[in-house]
Amino acid sequence: PDYGCTHRNHEVEPPLFDIQEEFLPAQGRNLATITYPQMRIMADYSNIKQGTTEFKNYVEDELMPAVIDYFQAAFKIKQPTTGLLKFGTSTKTICGYTTPTKLYSGVSTDYFLVVSSTSDSNSNWVASAGACYLASGTKRPIVGSILFNLYYTKAAKGDPLVHEKNMYLTMHEMLHALGFSGSSFRNFIDANGKTLTGHIKSVVLDG
């Protein structure tokens, strides 16, 4: 079967969240001269409630940290958050899951990821991810979720090929959660922070 992800289920634009962002000026086209800060990503694993302890520990201790380290090293952020990402206690759920308690006291991050799991043997999706909240200023995703289907996703148990497969899967889903999905294209901005226009086009291929 053709296993895949369900990012198309996240095509509805997420709500806006009012958070303070710092707008850093453009610093030229030479990447070597850019001094924007590295993107800070924080994950919460309290909603991994299905599956074995071995799987939860694998995701929390091996899989997600490696993927997060990769994206934190690869991405610089031009509009970093300057305040805490904090939700009121009346927000009982976030991304469809129980709100992590750390979000009530506030966390210092540019992006917060809710990691969860389920088991669905009646479909062929392996994982699902998407954004849940956008920053009110830049409309960039600031909260997202990734859901693993335990029916197809297993702990590597020291097998490097399984771990590599899980890494590629998770990196693919993270890109959706970070804003690379159809619902986010309309919010892409230029070097000056202005919303792009005319960059979404339709083409006909093979009729």
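Residues numbered from 1 in each chain as written. Predicted model: local features only at pLDDT ≥ 70, side-chain atom pairs only at ≥ 80, totals over all residues. Heavy atoms only, no water.

Enquirer: Mind laying out the nonpolar core, listing which residues take part and the relevant values?
Expert: In this structure, Tyr45, Val59, Met64, Leu113, Val115, Phe148 and Met174 are the most contacted members of the largest nonpolar core, which totals 31 residues. When contributions to this core are tallied by element, the ones reaching two or more residues are strand S3 (41-47), helix H1 (53-74), strand S6 (111-118), strand S7 (125-135), strand S8 (141-149) and helix H3 (160-177). Element by element, the count of residues in this core is highest for H1, at eight residues. Listed in part, the 13 residues of the second largest apolar core include Leu85, Phe87, Phe112 and Ala135. (Core = buried A, V, L, I, M, F, W, Y, C linked by side-chain atoms within 4.5 Å. Buried < 20%, exposed > 50% of the residue type's maximum accessible area, 1.4 Å probe, protein only. Helix = DSSP H or I, 4+ residues; strand = E, 2+ residues; numbered from the N terminus.)

Enquirer: Mind laying out the pairing of S3, listing which residues take part and the relevant values?
Expert: In terms of burial, S3 is a largely internal element, five of the seven residues being buried. As paired elements, S3 and S6 share five bridges and run parallel to each other. In the sheet register, alanine 43 faces S6, and the bridge partner there is leucine 113. (Pairing = 2+ DSSP bridges.)

Enquirer: Talk me through the state of the cysteines; I want residue IDs and the actual numbers.
Expert: The tally for this structure, following the rule as stated, stands at one disulfide. The disulfide that involves cysteine 95 links it to cysteine 132, with 2.1 Å between the sulfurs. Around the S-S axis, the bridge from cysteine 95 to cysteine 132 shows a dihedral of about 125 degrees and counts as right-handed. With cysteine 95 in the loop between strand S4 (93-94) and strand S5 (97-98) and cysteine 132 in strand S7, the pair connects residues that are 37 residues apart, well separated along the chain. Relative accessible area serves as the criterion here: at 12%, cysteine 132 is assigned to the buried category. (Disulfide = S-S within 2.5 Å.)

Enquirer: Please give an account of the side chain of serine 117 that cites residues and values.
Expert: Secondary-structure assignment places serine 117 in strand S6. Within the structure, serine 117 has its side chain in polar contact with the backbone oxygen of glutamine 50 (distance 2.8 Å). Apart from the residues within four sequence positions on either side, serine 117 is in contact with Asn47, Ile48, Lys49, Gln50, Phe55, Leu147, Phe148 and Leu150. (Polar contact = N/O pair within 3.5 Å; in protein donor to acceptor, adjacent residues only side chain to side chain. Contact = heavy atoms within 4.5 Å.)

Interpretation note: all reported values are geometric properties and have no functional meaning in isolation.
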